[in-house]
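An overview of the molecular structure
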Amino acid sequence: MLPHKHFLIAGLTIVPAAIILSPEKSVTEIGKWVLIGGIISSAIDLDIITLVFLKSKKEKRLRLFRDPLEIYRKFELFMDTIIETGVLKIGLKTHLILSPIIIVASYFLAANYFVPVLLGVVSHILSDLPYLKKIY
């Protein structure tokens, strides 16, 4: 899924949670939560980009996608290519490894933003579940 879609899903998850958990939060504070959670949710896919760069040295089909704009322009081809080359399978595993690290780090380094980070990470992982069907 493209980063802006992960951001949107995270935002749609975080806003109601913020209102329910802290009804006294201002619109600005809720906006900060959405921004933090959305950025984290979007950034989780940086492992996929890294894997594309690493595997593109040997796999010619991935070289096109070193340019992030090409991922946007040819997203379906990108998805087919990372499935065929095994990048998606590895990427979903790295997602599951990095996610708890991100959550724990946010708890200790930015406790005020633990909830939006948690929601951003969880919404990202849940929105990637349909890709499991494509690789298994």
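Whatever comes next refers back to the structure up there.
Note that the structure is a prediction, hence the values are computed from the model and not measured. (Residues numbered from 1 in each chain as written. Predicted model: local features only at pLDDT ≥ 70, side-chain atom pairs only at ≥ 80, totals over all residues. Heavy atoms only, no water.)

**A few points about a positive patch on the surface**
Residues Lys57, Lys60, Arg63 and Arg66 make up a contiguous surface patch of positive charge. Summarising the element assignment, Arg66 is placed in the loop between α3 (46–55) and α4 (68–73). Take Arg66: its relative accessible area is 34%, and that puts it in the partly exposed class. (Patch = residues over 30% accessible without salt bridge, like charges linked within 9 Å, V, L, I, M, F, W, Y side chains within 5 Å. Areas by Shrake-Rupley, 256 points an atom, 1.4 Å probe, with all protein chains shown as cover. Salt bridge = Lys/Arg side-chain N within 4 Å of Asp/Glu carboxyl O. Lys, Arg positive; Asp, Glu negative; His and termini not counted. Charge placed at Lys NZ, Arg CZ, Asp CG, Glu CD. Helix = DSSP H or I, 4+ residues; strand = E, 2+ residues; numbered from the N terminus. Buried < 20%, exposed > 50% of the residue type's maximum accessible area, 1.4 Å probe, protein only.)

**Overview of the pattern of salt bridges**
Considering all chains together, one arrives at 4 salt bridges under this definition. The closest approach of N and O atoms between Arg73 and Glu70, which form a salt bridge, is 2.7 Å. Taken together, the residues Arg73 and Glu70, both in helix α4 and 3 residues apart, mark about one turn of the helix. Measuring nitrogen to oxygen at the nearest pair gives 3.6 Å for the salt bridge that ties Glu70 to Lys74. Several salt bridges share partner residues, and in doing so they unite Glu59, Arg61 and Glu84 into one network.

**Some remarks on the packing of aromatic side chains**
A complete count under the given rule lists 4 aromatic pairs for this structure. Ring pairs connect the aromatic residues Phe65, Phe75 and Phe78, which therefore count as one cluster. (Phe/Tyr/Trp six-rings, centres within 6.5 Å; stacked < 30°, edge-to-face > 60°.)

**So, the layout of surface pockets**
Roughly 280 Å³ of volume is contained in the largest pocket. Contributing to the lining of the largest pocket are 22 residues, with Met1, Pro3, Asp45, Ile48 and Ile49 lying nearest its centre. Secondary-structure elements contributing two or more residues to the lining of the largest pocket are α1 (3–21), α2 (27–43), α3, α4, α5 (75–84) and α6 (87–109). Top contributing element to the lining of the largest pocket by residue count: α5, with 4 residues. In terms of residue class, the lining of the largest pocket is made up of 17 nonpolar, 3 polar and 2 charged. (1 Å grid on protein atoms, 1.4 Å probe; cavity = no way out; pocket = protein on both sides within 12 Å on 5 of 7 lines; lining within 4 Å. Points joined across faces, edges and corners; volume = space filled by probe spheres on them. Nonpolar A, V, L, I, M, F, W, Y, C, P; charged D, E, K, R; others polar.)

**A closer look at the environment of His124**
Residue position: His124 is located in helix α7 (residues 114–128). The class of His124 is buried, set by a relative accessible area of 0%. Each C-alpha atom of the pair His124 and Ile9 lies 7.8 Å from the other, and the pair is 115 residues apart in sequence. Setting aside residues no more than four positions away along its own chain, His124 makes contact with His6, Ser41, Ile44, Asp45 and His95. (Contact = heavy atoms within 4.5 Å.)

**Here's the deal with a nonpolar patch on the surface**
There is a patch of nonpolar side chains on the surface, built from Val122, Leu126, Leu129, Leu132 and Tyr136 and spanning about 480 Å² of accessible area. Topologically, Leu129 is positioned in the loop between α7 and α8 (130–135).

**Topic: the side chain of Ser42**
Of note, Ser42 is situated in helix α2. The exposure class of Ser42 is buried, given its relative accessible area of 16%. Residues in contact with Ser42, not counting those within four places in the same chain, are Pro3, His6 and Phe7.

**Some thoughts on the environment of Ser106**
Along the chain, the position of Ser106 falls in helix α6. The exposure class assigned to Ser106 is buried, which follows from its relative accessible area of 9%. Considered as a pair, Ser106 and Leu62 are 44 residues apart in the sequence and their alpha carbons are 33 Å apart. Aside from chain neighbours lying at most four places away, what touches Ser106 is Ala111, Phe114 and Val117.

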